[in-house]
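# Examining the three-dimensional arrangement
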Amino acid sequence: MDNFLKDVIQGLQKSQKSLPSKYFYDEEGSRIFQKIMALEEYYLPECEVEILLESSADILNELPFSDLDIIELGAGDGTKTVILLEEAKLKFENLTYIPMDISPEILEVNKELVQKQIPGLKVEPVAGDYLHTLDLLKERTNPRLVLFMGSNIGNFPNGQALEFIQFVNDFLRPGDFFLMGVDLKKNPHVIRAAYNDREGVTKQFNLNLLKRINRELDADFNLDAFEHYGVYNPLTGSALSFLVSMDDQKVKIGEMEISFDKYETIHTEISQKYSLKELDKIASQTGFTWDRHFTDQKEYFSLSLMRK
Ligand code: AVI
């Protein structure tokens, strides 16, 4: 059985049904996500860009090197990273940018964009799952700055975020750095609105998961019979997305049949928010010896720099 089918069946057979959020990003899902990033309510990208524009030089000044590999995990098209790279090109004598992403197509876009904006910069993309491909870099001896931007850390279920940061720490050598984009705890209304936009783009994004299952796994979800529900819980700092079954219904997925009670929910995503204090604790728990947070004016978002 392929992994997608296996994960979907497993998730929908649990007493609290769930689907892994990594499956949001098919072609259409990625297009809808671009629309989310342009929404007024979805403050995250704007805050991250503000920090990059204001603080890239200060961030890089913490790195006492002349040579540097900047390795970006889940790099995407690199539009935001260019801001940091432009500054880095001025500071480091020998700089290589190594964007990593599951999609080779997006890495081509990335390389073209970055080299056009920063002529002469060495760009050496690596396609694949970074949990495996990071190993390919073990022979490289330059000091390292690993980037993990865009609050992607928030989409790991709780324990796994720590495991992931520990994994990055294991890859680094003493003195190397990790820069992570993190969405911070803030007025709960602001967070709630970011995942419940007025235009319904986030709803579309969530429902697209069912559309994908219909298309790729021969299923018959009736998209009109499910609603998007987004909540933020200040007790845990988790924004959670659900799909709610609006009726008793049965859905066929390939050979299987799954029953839904009226108002039964499928948990589709966690977007965890952190405080700066929690980030300090996480950094030391995962083997970092020093950290510093760079935030936007409103303190909505942090680029947190950690040194091994
Ligand atoms: C990709 N990730 C950081 C987004 C987030 O905010 O958790 C995905 C997203 N889901 C709904 N809106 C945006």
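Structure shown above.
A brief structural summary. What you see is a predicted model; the values in this text were computed from it and never measured.

In this section: the site of the ligand. Residues in close proximity to the ligand include Tyr25, Phe33, Ile36, Tyr42, Gly150, Ser151, Asn152, Asn155, Tyr195, Phe205, Glu269 and Ser271, which together make up its full environment. The side chain of Asn155 places a nitrogen or oxygen atom 2.8 Å from a nitrogen atom of the ligand. One of the side-chain nitrogen or oxygen atoms of Tyr195 is found 2.6 Å away from an oxygen atom of the ligand. Considering the ligand on its own, with 340 Å² of exposed area, one finds that the protein chains cover 98% of that surface. Looking at the shell around the ligand, the elements with two or more residues in it are α2 (27-37) and β12 (265-272).

All right, on to the layout of surface pockets then. Counted as a void, the second largest pocket has a volume near 200 Å³. Taken together, the elements giving at least two residues each to the lining of the second largest pocket come down to α7 (158-171) and α10 (276-285). Broken down by element, the residue count for the lining of the second largest pocket peaks at four residues, all from α10. The class makeup of the residues in the lining of the second largest pocket is three nonpolar, four polar and four charged.

Moving on, we get to helix α3 (residues 44-61). Counted at 1.5 Å a residue, the expected span for α3 with its 18 residues is 26 Å, and the 25 Å between its end C-alpha atoms agrees. Helix geometry: α3 is bent most strongly at Ser55, by close to 65°. The set of residues buried in α3 consists of Leu44, Pro45, Cys47, Glu48, Ile51, Leu52, Ser55, Ser56, Ile59 and Leu60. Looking at the buried positions of α3, the neighbouring elements they touch are α2, α4 (81-91), β6 (144-148), β7 (177-183), β13 (290-295) and β14 (301-307).

A few words now on the pairing of strand β8 (residues 226-233). Of the two faces of β8, only the one carrying Phe226, His228, Gly230 and Tyr232 is buried; Glu227, Tyr229, Val231 and Asn233 on the other face are not. Note that β8 and strand β9 (residues 238-245) share eight bridges and pair antiparallel. Across the sheet, Tyr232 pairs through a bridge with Ala239, a residue of β9. Between β8 and β9, which pair antiparallel in sequence order, lie four residues; one of them, Gly237, sits at a positive phi of approximately 75°.

For the rest of this paragraph, the subject is the pattern of salt bridges. As enumerated under the stated definition, the model contains 15 salt bridges in all. Between Glu28 and Lys211 there is a salt bridge whose closest N-O contact spans 3.2 Å. Within this pair, whereas Glu28 is found in helix α2, its partner Lys211 is found in helix α9 (residues 201-216), the two being separated by 183 residues in sequence. Across the salt bridge formed by Asp218 and Lys252, the nearest N and O atoms sit 3.6 Å from each other. Of this pair, Asp218 sits in the loop between α9 and β8 while Lys252 sits in strand β10 (residues 249-253), placing them 34 residues apart in sequence. Residue classification places Asp218 among the partly exposed residues on the basis of a relative accessible area of 48%. What makes Lys252 partly exposed here is its relative accessible area of 33%. In the salt-bridge network here, residues are joined through shared partners; they are Asp26, Arg212, Arg215 and Glu216.

Taken together, the four strands give an open sheet; going across it, the order is β1-β12-β9-β8, and neighbouring strands pair in mixed fashion. Since the sheet does not close on itself, it has two edges, and those belong to β1 (17-18) and β8, each with one partner. Sheet topology note: the β9/β12 ladder contains seven bridges and is antiparallel. What sits directly across from Ala239, in β12, is Ser271.

Moving on to a negative patch on the surface. Residues Glu27, Glu105, Glu108 and Glu112 make up a contiguous surface patch of negative charge. Among the elements that line the negative patch, the one with the most residues is helix α5 (residues 104-117), at three residues. Structurally, Glu27 can be placed in helix α2. Judged by its relative accessible area of 67%, Glu27 falls in the exposed class.

Turning to the packing of α2 against α9, a few remarks are in order. Taken N-terminus to C-terminus, the directions of α2 and α9 make an angle of 170°; their axes are 9 Å apart at the nearest point. As summarised for this structure, α2 and α9 are arranged roughly antiparallel, according to the angle between their axes. In this structure, α2 uses Glu28, Gly29, Ile32, Phe33, Lys35 and Ile36 to contact α9, whose residues at the interface are Val201, Thr202, Gln204, Phe205, Asn208 and Lys211. Residue classes in the contact of α2 with α9 are distributed as five nonpolar, four polar and three charged.

So, on to unusual backbone geometry. Apart from glycine, the bulk of residues carry a negative phi angle, and the bulk of peptide bonds sit in the trans form. At Ser151, a residue that is not glycine, the phi angle is positive and equals roughly 60°. Relative to the helices and strands, Ser151 resides in the loop between β6 and α7. Here Ser151 falls in the buried class, since its relative accessible area comes to 7%. Positioned with a positive phi, Asp218 is a non-glycine residue whose angle comes to about 50°.

Reading guide: rules and limits
Residues numbered from 1 in each chain as written. Predicted model: local features only at pLDDT ≥ 70, side-chain atom pairs only at ≥ 80, totals over all residues. Heavy atoms only, no water. Near = heavy atom within 4 Å. Polar contact = N/O pair within 3.5 Å; in protein donor to acceptor, adjacent residues only side chain to side chain. Areas by Shrake-Rupley, 256 points an atom, 1.4 Å probe, with all protein chains shown as cover. Helix = DSSP H or I, 4+ residues; strand = E, 2+ residues; numbered from the N terminus. 1 Å grid on protein atoms, 1.4 Å probe; cavity = no way out; pocket = protein on both sides within 12 Å on 5 of 7 lines; lining within 4 Å. Points joined across faces, edges and corners; volume = space filled by probe spheres on them. Nonpolar A, V, L, I, M, F, W, Y, C, P; charged D, E, K, R; others polar. Expected span 1.5 Å × (residues − 1). Bend = angle between axes of the 7 residues up to and from the residue. Buried < 20%, exposed > 50% of the residue type's maximum accessible area, 1.4 Å probe, protein only. Contact = heavy atoms within 4.5 Å. Pairing = 2+ DSSP bridges. Salt bridge = Lys/Arg side-chain N within 4 Å of Asp/Glu carboxyl O. Patch = residues over 30% accessible without salt bridge, like charges linked within 9 Å, V, L, I, M, F, W, Y side chains within 5 Å. Lys, Arg positive; Asp, Glu negative; His and termini not counted. Charge placed at Lys NZ, Arg CZ, Asp CG, Glu CD. Axes fitted to C-alpha atoms, helices over the stretch in contact; angles between N-to-C directions. Parallel < 35°, antiparallel > 145°, perpendicular 65-115°, else oblique.

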